[in-house]
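Observations on chain architecture
The chain contents come next:
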Amino acid sequence: MSTDTPASASAPAPLRWKLVIDAADPHTQADFWAAALHYEAEDNSALIERLLSLGRLPGQATVEYHGRPAFRDLIAVRHPEDPYDPDTGIGLGRRLLFQRVPEAKTVKNRLHIDVHAGAGRRADEVARLESLGARVLREVKEHAGEWVLMADPEDNEFCVA
């Protein structure tokens, strides 16, 4: 009798994850990144209304966001083709979650997003992102490649390759 098990039978399933980004204004950041990535802001209004009706969420923990109730201190954006829970609006795939923090950003990011524009489209993409509120920090040309280092409206660095 063999004790060998196929790797797939014993390997744990990959974990779901989201990238959480601290923000002074999560909703403005969500609007920027939803437009920048062609993502959608999550609609958690059904969950929020349910929590409010049960008395499990105080009204001051909510705001109106694009005509619907939203959490005051956090909001996520998700890839429009990824699955989501229809009861909560929470995405089950690629997501960025913006959470309100009291302190301003003070140092360089230790983690950042790279946006890949595609061959010959970097300049147009940089211009589009600038029109959304980003700014160019510098253009980089190295042996490893070329990209534009940019900052979002709250000065989080990201690259456009």
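Everything here concerns the structure above.
Keep in mind that this is a model prediction, so the values were computed, not measured.

1. Remarks on the packing of aromatic side chains
Tallying each qualifying case throughout the model produces 3 aromatic pairs. Look at Phe-32 and Trp-33: their rings are 5.1 Å apart centre to centre, the planes differ by 90°, and that puts the pair in the edge-to-face class. Comparing Phe-32 with Trp-33, the two get one shared label, buried.

2. Comments concerning the sheet that holds strand 7 (residues 113-115)
If you walk across this open sheet you meet the 4 strands as 7-10-9-8, and the pairing is mixed. Each edge of the open sheet carries a strand with a single partner, namely strand 7 and strand 8 (135-142). Strand-to-strand, the axes of this sheet are offset by a mean angle of 25°, without reference to chain direction. Summarising the sheet, strand 8 and strand 9 (residues 145-151) pair through 7 bridges and their orientation is antiparallel. Among the inter-strand pairings, Val-140 is bridged to a residue of strand 9, identified as Trp-147.

3. Section: helix 3 (residues 45-53)
Taken together, the buried positions of helix 3 are occupied by Ser-45, Leu-47, Ile-48 and Leu-51. Angular distribution of buried residues about the axis of helix 3 spans 160°; they occupy a single face of the element. Packed against the buried residues of helix 3 are strand 3 (62-65) and strand 4 (68-71). One or two residues past the end of helix 3 sits Gly-55, with phi positive at roughly 75°.

Parameters at a glance
Residues numbered from 1 in each chain as written. Predicted model: local features only at pLDDT ≥ 70, side-chain atom pairs only at ≥ 80, totals over all residues. Heavy atoms only, no water. Phe/Tyr/Trp six-rings, centres within 6.5 Å; stacked < 30°, edge-to-face > 60°. Buried < 20%, exposed > 50% of the residue type's maximum accessible area, 1.4 Å probe, protein only. Pairing = 2+ DSSP bridges. Helix = DSSP H or I, 4+ residues; strand = E, 2+ residues; numbered from the N terminus. Axes fitted to C-alpha atoms, helices over the stretch in contact; angles between N-to-C directions. Arc of directions from axis to C-beta. Contact = heavy atoms within 4.5 Å.

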